[in-house]
Amino acid sequence: MATRPARLFLPGPTEVHADILAAQAERLIGHRGPEISALLESIQPRLQKVFQTSNNVYISTSSATGLFEAAARSSIDRRALCCVNGAFSARWAEVVEANGKPYDVVEVEWGEAITPDLVADALDRAAYDAVTVVHNETSTGVTNPVGDIAETVRDKAPDALVLVDTVSSMGGIDVPVDGWNLDVCLTGGQKCLALPPGLSFAAVSDRAHTRATTIPGRGWYFDWLVFQRYLEKWQTPTTPAITLLYALDRQLDRILDEGLAARFDRHAVMADHVRQWSLERFDILAPEPYRSDTVTAVVNKRSIDVEAMNRYLTEHVDMIVSNGYAKLRDRTFRIGHMGDHTVPEVETLTAAIDAFLET
Ligand code: PLP
């Protein structure tokens, strides 16, 4: 690399701690030997703690979208209701369609939240055996009230599986998987877990397993039952990204040493600061009370040049932020306050943006 890249205040991938980067430099082990089994066996209970679940948490050497595919293939049989309020929830619906599963969409404008009432109305209109929802829409900085949505689904359609994307919230916002009764809760490593990209995770309920046994054509690579079969041997179905497992091993200790409650508090304080700062200078796309604690989509009402701002930030504080996503590219820019970032770092970032605004 010609120049050292700046620290990432993107909504993923986010900055990875030097110890975690270093963990990847260990000598490799075989993927069918006792060492990997010992590693996976020691990782599982810590992953379950982070997910707040007694369900098994599968590790996939893929990005999180791979687990959209898994959920579509292994958890949807008759018809899904896909909740869409941004780019990633729209992608999930696309994946459902691409896998040939019937589905309907309940949709609101990008920047708005999916409410339990909207879901209840949709469930009154047709029968579904699964509902997909993104907890934290990274494209808009909206956090959907997934706990209440899951409760609504249980009330209205007790047989429907609740499939949730927590890609940009797991490890940064409280997601009590068992408390909310989520059937599939998937996430990626590169966001609030602050790992290098390449691993994704899914906590899968017994109900979802039972469902999978009845669905033909689940494929193999992303089949919950295949993941389960190998987990029972403390293995993964295929060669995993072994060095990323080393990173995960070390990062789980760091996360649990900090403590989940403290980690969520830190994210809330970072988010409060960014929100306050944004409201004083710009505006925030997401309405209250749905503003995300991990990413803020700032309405760029001063039409600042985000590329020029990033050049300035790189030079002065070794940091960069993100432009808006897809159709919000020019209307917003996004500040990622997730993972292992600290409140003082976020304050440094906003102060540097202030300095840029005065140039
Ligand atoms: N879901 C959400 C909410 C995301 O933010 C992203 C990526 O940013 C994805 C899904 C897709 O994740 P991946 O790029 O790891 O496949």
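Worth saying up front: this structure is predicted, and the values here are computed from it rather than measured.

**Q** Which parts of the structure should I look at to understand the sheet that holds strand β14 (residues 322-323)?
**A** Picture the strands of a sheet paired through backbone hydrogen bonds; they go either parallel or antiparallel. Pairing within the open sheet is antiparallel, and its 4 strands lie in the order β11-β12-β15-β14. Here the strands that pair on one side only, and so sit at the sheet edges, are β11 (283-284) and β14. Sheet topology note: the β14/strand β15 (residues 332-336) ladder contains 2 bridges and is antiparallel. Residue pairing across strands places Asn 323 opposite Phe 333, the latter belonging to β15.

**Q** Looking at this structure, I do not really get the site of the ligand. What am I missing?
**A** What surrounds the ligand is a group of 13 residues, the closest being Ser 63, Thr 65, Thr 138, Asp 165 and Lys 191. Note that an oxygen atom of the ligand is positioned 2.5 Å from one of the side-chain N or O atoms of Ser 63. For the ligand, an oxygen atom lies 2.9 Å from a polar atom in the side chain of Gln 190. In isolation the ligand has 390 Å² of accessible area, and contact with the protein removes 88% of it. Here the shell around the ligand is built from residues that sort into 5 nonpolar, 5 polar and 3 charged.

**Q** Where do I start with the domain arrangement of the chain in this structure?
**A** Often the size quoted for an interface is simply the accessible area lost on bringing the parts together. We note that the domain assignment places domain 1 (7-14 + 259-357) and domain 2 (18-256) within the chain. When each unit is reduced to the centre of its C-alpha atoms, the spacing between domain 1 and domain 2 is 26 Å. Listed by partner, the interface residues are 27 residues for domain 1 and 33 residues for domain 2. For the pair domain 1 and domain 2, the two sides together bury roughly 2,300 Å², of which 62% comes from carbon and sulfur. Residue Arg 254 pairs with Asp 340 through a salt bridge whose shortest N-O separation is 2.6 Å. At the boundary of domain 1 and domain 2, one finds 14 residue pairs in polar contact (both at pLDDT 80 or more). Among the elements of the structure, α10 (260-281) and β12 (295-299) are those that each provide at least two residues to the side of domain 1 that touches domain 2. The greatest single-element share of the side of domain 1 that touches domain 2, amounting to 4 residues, is contributed by α10. For the side of domain 1 that touches domain 2, the residue count by class is 14 nonpolar, 7 polar and 6 charged.

What counts, and where the lines are drawn
Residues numbered from 1 in each chain as written. Predicted model: local features only at pLDDT ≥ 70, side-chain atom pairs only at ≥ 80, totals over all residues. Heavy atoms only, no water. Pairing = 2+ DSSP bridges. Helix = DSSP H or I, 4+ residues; strand = E, 2+ residues; numbered from the N terminus. Near = heavy atom within 4 Å. Polar contact = N/O pair within 3.5 Å; in protein donor to acceptor, adjacent residues only side chain to side chain. Areas by Shrake-Rupley, 256 points an atom, 1.4 Å probe, with all protein chains shown as cover. Nonpolar A, V, L, I, M, F, W, Y, C, P; charged D, E, K, R; others polar. Domains from an automatic or database assignment. Contact = heavy atoms within 4.5 Å. Buried area = accessible area lost by both parts, 1.4 Å probe. Salt bridge = Lys/Arg side-chain N within 4 Å of Asp/Glu carboxyl O.

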